[in-house]
Amino acid sequence: MTDRLPPLTALRAFEAAARHMSFAKAAEELFVTPAALSYQIKSLEAALGQPLFRRLNRAVELTPEGRALAPGVSDGFGLLTSAWRNARRMIETGVLTVTAGPAFTSKWLAPRMYSFAQAHPEIELRFLASLRIIDFDRDEVDVAIRFGLGHDKDVYSRPLIREWMTPMMTPELAQTIKTPQDLASAVLIHDDSIAFFKSPADWAAWCRVSEISFDTSHGPRFSQADHALDAAISGVGVVLGRVSLATRALEAGRLVAPFEVGLLSEAQFRFICPKGTETRPQVSAFETWVRDEIQSSLKFEDGRRLIAAKDAA
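Note that the structure is predicted; figures quoted are calculated from it, not measured.

Colleague: Whenever I open this one, the packing of aromatic side chains confuses me. Can you help?
Modeller: Scanning the entire structure with this criterion turns up twelve aromatic pairs. Measuring from centroid to centroid gives 5.3 Å for Phe 23 and Phe 53, while their planes differ by 85°, and the two rings are edge-to-face. Of this pair, Phe 23 sits in helix 2 (residues 23-30) while Phe 53 sits in strand 1 (residues 53-55), and the two are 30 residues apart along the sequence. The pair formed by Phe 23 and Phe 53 is uniform in burial state, with each residue classed as buried. The rings of Phe 104, Trp 108, Phe 116, Phe 147, Phe 269, Phe 271, Phe 286 and Trp 289 are connected pair by pair, giving a single aromatic cluster. When the ring centre of Phe 77 is taken as origin, the NZ or CZ atom of Arg 12, which lies over that ring, is 4.4 Å away. Here Arg 112 stacks its cationic end above the ring of Trp 108, 4.2 Å away from the centre of that ring.

Okay, structure coming up:
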């Protein structure tokens, strides 16, 4: 028995038919006639010396030999598709696909896109706002910006932003909240998107490091950080805001952060891409631009007393 592979066209016909469990649907997908697809599968069966399908009245089912062959053929074509996609992406130097969480996309990336477009008119940015785990090959993504505790393996990963939180409110509301203790009578806005931290970075923790005490359990709660910030901007109350996401609102004066104490998070934003692709011109240009833009938020650390959330326990 020889290990020589049969023609790829026959294997492709088998893979599609096994996936759809229908010769007609497989033929439609591959843009061939059912008769042509049936011929390819029969040639494959002849090469193997065993049938791969049982032809029923209005359906087909895999034989034991077909069930043994199907997973490997499916995986093989998946790898071929991934390799071809990666090769094409390597030469598409004018397009860069970036994924980031919805909050970072809306509050950090989107407001700065004009700046990037001016600096790099040769690069077209495409965004995928998502928190799910990214498969760079499957999702056709070049760069991911992720926030968390950072256990990235087998990729290029570098920290971007040191995250810290402090009370933020409108300038109008700040006129009535002069001291941290005055927050006891304010509406507290809660950002539950950071509830996964090992060391809580919430209102109770901020009060402990600020050496004040009052009930922090009241107030609206949001699962997305940008929604919590928007509530504060609209004057609903005071948010324990993440400075990275609030930079533009602070710069524009829509929010103010009047108090000295900031709660330093154990999590951070990271710039992630497949190993080796960090030197591609468009990836390198985007990382450099992101790091340059981050410098604008560092000014809000001046005069602050940043205390690690783990020390607030």
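That covers the picture; the talk isn't over yet.
Colleague: So what exactly am I meant to see when it comes to helix 3 (residues 34-48) here?
Modeller: Note on helix geometry: an α-helix contains 3.6 residues per turn, so any two residues three or four positions apart are oriented the same way. Over its 15 residues, helix 3 runs 21 Å from end to end, which matches the ideal 21 Å to within 8%, given 1.5 Å per residue. Among all positions in helix 3, only Leu 37, Ser 38, Ile 41, Leu 44 and Glu 45 are buried. Each buried residue of helix 3 sits inside an arc of 120° when the element is viewed along its axis, so together they form one side. Away from the buried face of helix 3 by more than 90 degrees, exposed residues Ala 35, Tyr 39, Ala 46 and Ala 47 are located.

Reading the values: the criteria
- Residues numbered from 1 in each chain as written.
- Predicted model: local features only at pLDDT ≥ 70, side-chain atom pairs only at ≥ 80, totals over all residues.
- Heavy atoms only, no water.
- Phe/Tyr/Trp six-rings, centres within 6.5 Å; stacked < 30°, edge-to-face > 60°.
- Helix = DSSP H or I, 4+ residues; strand = E, 2+ residues; numbered from the N terminus.
- Buried < 20%, exposed > 50% of the residue type's maximum accessible area, 1.4 Å probe, protein only.
- Lys NZ or Arg CZ within 6 Å of the ring centre and 35° of its normal.
- Expected span 1.5 Å × (residues − 1).
- Arc of directions from axis to C-beta.

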